[in-house]
Amino acid sequence: MILNLPDRPTMPESLNYQVTRREWEILNESEFTCACCGFVSKSSPEVVSGYMEVIVFKDRPTVFCALCSSALRLGRTVNGTTNHGLILHAPDITQGQLSNAARILNTAIIEELPYQHGANAVQAKFQRMQASKKDYLFMVDEGSTQQTVNALKSVRRNFEAEASKIFKHLRYFPSRATYRHVFQYWYRTNPDYFAKPV
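Figured I'd write up the structure that's included with this text. In this text the structure is predicted, and so the values were computed from the model without any measurement. Every chain is numbered independently, its residues counted from 1 as its sequence is written. Local features in a predicted model are, by the rule used here, given only for residues with pLDDT of at least 70; side-chain atom pairs are given and counted only at 80 or more, and totals for whole chains, interfaces and linings are based on all residues. Processing note: side-chain calculations cover all non-hydrogen atoms of the structure and skip hydrogens and water entirely.

The way it works is that DSSP assigns letters per residue, a run of H or I at least four long becomes a helix, a run of E at least two long becomes a strand, and they are numbered from the N terminus. Helix and strand counts for the protein stand at 7 helices and 4 strands. Its helices and strands taken in sequence order, the protein reads α-β-β-α-β-α-α-α-α-β-α from the N to the C terminus. Think of it in three bands: residues with accessible area under 20% of the maximum for their type are buried, residues over 50% are exposed, and the middle band is partly exposed, with areas taken using a 1.4 Å probe on protein chains only. Taken over 198 residues, the protein has a buried fraction of 47%. Residue contacts are defined here by distance: any two heavy atoms, one from each residue, within 4.5 Å place the two residues in contact. At a minimum sequence separation of 6, the contacts of the protein that also span at least 24 residues come to 70%. Note on areas: Shrake-Rupley, 1.4 Å probe, and residue coverage restricted to the protein chains presented here. Carbon and sulfur atoms make up 52% of the accessible area of the protein, which totals about 10300 Å².

As structure tokens, then:
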């Protein structure tokens, strides 16, 4: 599920935004749980949102983690770049599953967790799934976020249903370098999530 919903005008590039009173209520009601991937974050004085974002989705305020919200707001700037991840052709995995995989893999590599070598190998497999011109004519560079945004912007209102069929197998995989601060925050506040699977 990738979209190019408009970003909030006051969203800082770090994604550490000022939470409104209503957003705070929604974040608490959801227990800081992403509606797409199920990840549970925690608030702190320095990151009140816990890098979770409230987006009006399907006509109701919904909580998404920074990774899933960036899949919905693909055209946003994150840490100074609009190419803040890769676009993958992944028909057999949901955006939520891919966000969880990206969170675990990138954190394992950044934090040098015991399974970091395995994480590198799995991440390399995901990178080979980059959407290409062979499958998507609008792609000049493999996996380009910006080219996908341009293609999404070019879809006319009365052709959205047809376009959704074209984009339905595309997924967003966030850049480790761009989201490093977010992965590090989540690891500090929720280390049990990243414990080595048994």
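Past the structure itself, the notes keep going.
This part is about the packing of aromatic side chains. For Phe, Tyr and Trp, rings pair up if their centres lie within 6.5 Å, where Trp contributes its six-membered ring, and each pair is then called stacked (planes under 30 degrees apart), edge-to-face (over 60) or tilted (otherwise). Enumeration according to the criterion identifies 10 aromatic pairs in this entry. A centroid spacing of 5.7 Å and a plane angle of 70° characterise the contact between Trp24 and Phe32, whose relative ring orientation is edge-to-face. On the basis of relative accessible area, Trp24 is assigned to the partly exposed category, the value being 34%. For Phe32, a relative accessible area of 6% gives the class buried. With 5.5 Å between their ring centres and 85° between their planes, Phe57 and Phe64 make a pair best called edge-to-face.

Time to look at the environment of Gln116. Considering the arrangement of structural elements, one finds Gln116 in helix α4 (residues 116-127). A C-alpha to C-alpha distance of 7.4 Å links Gln116 and Leu105, two positions 11 residues apart in sequence. Once you skip the residues sitting within four places of it in the chain, Gln116 turns out to touch Ala108 and Ile109.

Our next topic: helix α1 (residues 21-29). Among all positions of α1, only Glu23, Ile26 and Leu27 are buried. Down the axis of α1, the buried set is contained in an arc of 100°. They therefore lie on one face. The outward face of α1, more than 90 degrees from its buried face, is lined by the exposed residues Arg21 and Glu29. Turning to α1, the residues buried within the fold contact β1 (52-57) and β2 (60-65). Positive backbone phi, at 55°, marks Glu31, one or two positions downstream of α1. Read the arc as the range of directions from the helix axis to the C-beta atoms.

Moving on, we get to the nonpolar core. Among buried residues, the Ala, Val, Leu, Ile, Met, Phe, Trp, Tyr and Cys ones that are joined through side-chain atoms within 4.5 Å form a nonpolar core. Judged by nonpolar contacts, the single largest core of 57 residues is most densely connected at Leu27, Tyr51, Cys65, Phe126, Tyr179 and Trp186. Each residue touching Leu27, except ones within four places of it in the same chain, is listed here: Tyr17, Val19, Phe32, Ser49, Met52, Val54 and Val63.

Further remarks concern the packing of helix α3 (residues 95-110) against helix α7 (residues 176-189). Axis lines are fitted through C-alpha atoms, for helices just across the contact stretch, and the angle between N-to-C directions can take any value from 0 to 180 degrees. For the pair α3 and α7, the least separation of the axes is 9 Å and the interaxial angle reads 90°. One element, α3, and the other, α7, form an angle in the roughly perpendicular class. From α3, Ala102, Arg103, Asn106, Thr107, Ile109 and Ile110 reach across to α7, where they touch Arg176, Arg180, Phe183, Gln184, Trp186 and Tyr187. Following the grouping adopted for this structure description, the nonpolar residues are Ala, Val, Leu, Ile, Met, Phe, Trp, Tyr, Cys and Pro, the charged ones are Asp, Glu, Lys and Arg, and the polar ones are all others, Gly among them. Looking at the contact of α3 with α7, its residues break down into 6 nonpolar, 3 polar and 3 charged. We call two directions roughly parallel when the angle between them is under 35 degrees, roughly antiparallel when it is over 145, roughly perpendicular when it lies between 65 and 115, and oblique otherwise.

Attention shifts here to empty space enclosed by the protein. The definitions used throughout rest on a 1 Å grid laid over the protein atoms alone, on which a cavity is an enclosed set of points accommodating a 1.4 Å probe that cannot get out and a pocket is an open set flanked by protein within 12 Å on both sides along at least five of seven lines; lining residues are those having an atom within 4 Å of a point. Grid points are joined across faces, edges and corners, and a volume is the space filled by probe spheres set on the points. Under the criterion given, the structure shown has 1 cavity of 30 Å³ or more. Size it by volume and the largest cavity reaches roughly 40 Å³. In terms of lining, the largest cavity is formed by Met11, Leu15, Tyr51, Met52, Glu53, Ala66, Ser69 and Arg76. Secondary structure elements with two or more residues in the lining of the largest cavity: β1 and α2 (66-72). Broken down by class, the residue content of the lining of the largest cavity amounts to 5 nonpolar, 1 polar and 2 charged.

A word on unusual backbone geometry. A positive phi angle is found at Lys58, which is not glycine, with a value near 55°. On the secondary structure map, Lys58 appears in the loop between β1 and β2. Its relative accessible area of 70% is what places Lys58 among the exposed residues. Even without glycine at this site, Asp59 takes up a positive phi of about 70°. Mapping Asp59 onto the fold places it in the loop between β1 and β2.

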